[in-house]
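# Observations on the model geometry
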Amino acid sequence: MTSYKSDFLRVMRERGYIHQCSNEDALDAKASSGIITAYVGFDCTAASLHVGNLLGIMMLRKLQQAGHKPIVLIGGGTTRVGDPSGKDDTRKLLSDEQINENIASIRTVFERFLTFGDGPTDALLVNNEDWLLKLNYIDFLRDYGPHFTINRMMTFDSVKLRLEREQPLTFLEFNYMIFQAYDFLELNRQHDVTLQMGGSDQWGNIINGIELGRRVDQAELYALTTALLTTSSGTKMGKTAKGAVWLNEDMLSPYDYWQFWRNTEDNDVGRFLRLFTELPLAEIAELETLEGADLNEAKKLLATTACAMAHGEEKALAASETARKTFEQGTMASGLPSVDINASDLDNGLGLLTALVTAGLASSNGEARRHIKGGAVKINDVKAENEKRLLGGDDISDDGVIKLSVGKKRHVLLKTT
RNA sequence: GGAGGAGUGCCCGAGUGGUUAAAGGGGACGGGCUGUAAACCCGUUAGCUAUGCUUACGUUGGUUCAAAUCCAACCUCCUCCA
């Protein structure tokens, strides 16, 4: 297949989203002749999605932009089971309350990327607990069990890898793929969904759904996956000093989110621009030709654009400005992440170690101590050598804050209240 | 049900009575070099009210001056047999 007829698949390929696609000719024909409805499933194991999920969200966005209908499937039911794909260990089970809290917190993110509503191409958010929790075990087994063979399930990577690595795979997790397959069937019945998208680790699960749909309803379903995101140097993407790169603002500040993209490796800039921004391909191609330090301009653009999509233009520009002041001018930037401290603590003299820990720059006094020893700590851009140093009112700069830094990149402003 | 093997720090993995907060590697973090990049070099990598104390080698007990290391029971996993 050399060229796609449908805008959707063409864009997906041009921008580098496609890893695998089942029956792409038929899918292409279908997408070029009418509205298709597609979904991506999201687990709710945390209170926020992270950049690893961004690819799925972006796919739905592209789908909608191409005039099709995206469905966000929240795995309220399947999260109660736990997906074994790509994991060595059984994930600890979450309580129902936790799951519901997570769902509430996660759903806000989608509104930034998709247009929801009742129109034919408006996005829809559904939760699989609506049908999974109602299932009757015996009925379900009789209706759908015969369509799955253990022999076949054993061949899927999610199962095979666990067994090969001699890690336990519980029956509970073993059922995950069956539920995901059933989701696809159910969404096809309820909303005429014909395409499921996801990361490449979902391929097996999706194929299971396609087969179930064909066997039970003679439905013609499709799969489309993206490559899992890794950096050029091969490491998994999505980690910062603080942990995962969350999409929710209350979990990771727009400034830190901006920084994450700003620190992209040279070799990834073009790829990420295509995947995570909506700049024209021609412009990206030009940006890619930049070399050496000039490439930093492309990284800034990537950071600001990607940040704007997740947090809004205003915050993205603010983050960009904060970064400019901090790194290019070396001046105090008020937009850096800040932590409130009591003025009275300062009067009595606030220990530097304590300050570093409360600022989140160190996880323990011991770590703070090590950072000081290593010469990484700065107070108002002046290196701190003495771990017994006390912070007092004198340390408050003209801007009314105390700037604490660990290393070149991590800065926190202490603000008195 | 029977026989054998395994469970170590964020991960992998060495260690089989004392100098072991536990080799080595990975990851992560910090420093250097740079461009807030990569690669490379160096360092750090349990907590604390810190010349000491506490926690830590699946769990719980026991032996011993002393245990990750020996013993017992239990839990979990793997392999072979039935």
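Rules used throughout
- Residues numbered from 1 in each chain as written.
- Chains lettered and ligands numbered in written order.
- Predicted model: local features only at pLDDT ≥ 70, side-chain atom pairs only at ≥ 80, totals over all residues.
- Heavy atoms only, no water.
- Helix = DSSP H or I, 4+ residues; strand = E, 2+ residues; numbered from the N terminus.
- Expected span 1.5 Å × (residues − 1).
- Buried < 20%, exposed > 50% of the residue type's maximum accessible area, 1.4 Å probe, protein only.
- Contact = heavy atoms within 4.5 Å.
- Pairing = 2+ DSSP bridges.
- Near = heavy atom within 4 Å.
- Polar contact = N/O pair within 3.5 Å; in protein donor to acceptor, adjacent residues only side chain to side chain.
- Nonpolar A, V, L, I, M, F, W, Y, C, P; charged D, E, K, R; others polar.
- Axes fitted to C-alpha atoms, helices over the stretch in contact; angles between N-to-C directions.
- Parallel < 35°, antiparallel > 145°, perpendicular 65-115°, else oblique.
- Left-handed = near helix turned anticlockwise from the far one by under 90°.
- pLDDT = per-residue confidence, 0-100.
- Right-handed = clockwise from strand over helix to strand, strands pointing away.
- Arc of directions from axis to C-beta.
- Patch = residues over 30% accessible without salt bridge, like charges linked within 9 Å, V, L, I, M, F, W, Y side chains within 5 Å.
- Areas by Shrake-Rupley, 256 points an atom, 1.4 Å probe, with all protein chains shown as cover.
- Salt bridge = Lys/Arg side-chain N within 4 Å of Asp/Glu carboxyl O.

Let us now look at helix α15 (residues 295–311). An ideal rise of 1.5 Å per residue puts 24 Å on 17 residues; α15 measures up with 24 Å between its terminal C-alpha atoms. Among the 17 residues of α15, twelve are classified as buried, and the element is accordingly described as predominantly covered. Considered for burial, the residues of α15 that qualify are Leu295, Ala298, Lys299, Lys300, Leu302, Ala303, Thr304, Ala306, Cys307, Met309, Ala310 and His311. Residues of α15 that are buried sit in contact with α3 (51–65), α4 (96–113), α12 (254–262), α13 (269–276), α14 (281–288) and α16 (313–329). One or two steps after α15, the chain reaches glycine 312, where phi turns positive at roughly 95 degrees.

Attention now goes to the sheet that holds strand β14 (residues 401–406). Ordered in space as β9-β15-β14-β11-β12, the five strands form an open sheet in which the pairing is mixed. The sheet is open, and its two edges are formed by β9 (338–341) and β12 (382–383), each paired on a single side.

This part is about the protein's contact with RNA strand B. Inspection of the region around RNA strand B gives 29 residues, with Asn263, Asp266, Arg369, Arg370 and Lys408 positioned closest. A share of 60% of the atoms of RNA strand B within 4 Å of the protein falls on sugar and phosphate groups. Separating a phosphate oxygen of RNA strand B from a backbone N or O atom of glycine 366 is a distance of 3.0 Å. Every element with two or more residues in the surface near RNA strand B is listed here: α12, α15, α16 and α19 (365–373). Of the residues belonging to the surface near RNA strand B, the class tally is seven nonpolar, twelve polar and ten charged.

Our focus in this paragraph is the sheet that holds strand β5 (residues 193–199). Strand order in the open sheet made by the six strands is β1-β6-β5-β2-β3-β4, with mixed pairing throughout. On the outer flanks of this sheet lie β1 (20–21) and β4 (124–127), each paired with one strand and no other. Pairing of strand β2 (residues 37–42) with β5 involves four bridges; the strand directions are parallel. What sits directly across from valine 40, in β5, is methionine 197. Here α4 sits on the sheet in contact with β2, β3 (69–74) and β4, set at roughly 160 degrees to β3.

Between two packed helices, both the angle of their axes relative to each other and the distance between the axes serve to describe the pair. Running from N to C, helix α10 (residues 176–191) and helix α11 (residues 203–217) cross one another at 55 degrees; their axes reach a closest spacing of 8 Å. Classified by the angle their axes make, α10 and α11 are oblique. Classified by chirality, the crossing of α11 by α10 is right-handed. In this structure, α10 contributes Tyr176, Met177, Gln180, Ala181, Tyr182, Phe184, Leu185 and Arg189 to the contact, and α11 contributes Asn205, Ile206, Asn208, Gly209, Ile210, Leu212, Gly213, Val216 and Asp217. Of the residues in the contact of α10 with α11, the class split is ten nonpolar, five polar and two charged.

When the pLDDT values of chain A are averaged, the result is 87; 91% of them are 70 or greater. Taking the mean pLDDT of every element in chain A, the minimum, 58, falls on strand β7 (residues 239–240) and the maximum, 96, on β3. Confidence metrics for the complex model read pTM 0.88 and ipTM 0.82.

The next point concerns the pairing of β2. Counting buried residues along β2, five of its six residues qualify, which places the element largely inside the surrounding structure. Looking at chain direction, β2 and β3 are connected through six bridges and run parallel. Within β3, the residue paired with phenylalanine 42 across the bridge is isoleucine 74. In this fold, the crossover linking β2 to β3 by way of α3 has right-handed handedness.

Taken together, the buried positions of helix α2 (residues 24–33) are Leu27, Asp28 and Ala31. One side of α2 holds all its buried residues, which, seen down the axis, span an arc of 100 degrees. Looking at the buried side of α2, the elements it contacts are α1 (7–14), β1, β5 and β6 (222–226).

Moving on: a nonpolar patch on the surface. Taken together, the side chains of Tyr137, Ile138, Leu141 and Phe171 define a hydrophobic patch exposed on the protein surface, amounting to about 440 Å² of accessible area. Within the fold, leucine 141 resides in helix α6 (residues 137–144).

All right, on to unusual backbone geometry then. As a rule of thumb, non-glycine residues mostly have phi less than zero, and peptide bonds are mostly trans rather than cis. Positive phi is not limited to glycine here, since asparagine 23 has a value of about 50 degrees. Residue position: asparagine 23 is located in the loop between β1 and α2. A relative accessible area of 41% places asparagine 23 in the partly exposed class. Positive phi values are uncommon outside glycine, yet glutamine 218 reaches one of about 55 degrees. For glutamine 218, a relative accessible area of 63% gives the class exposed.

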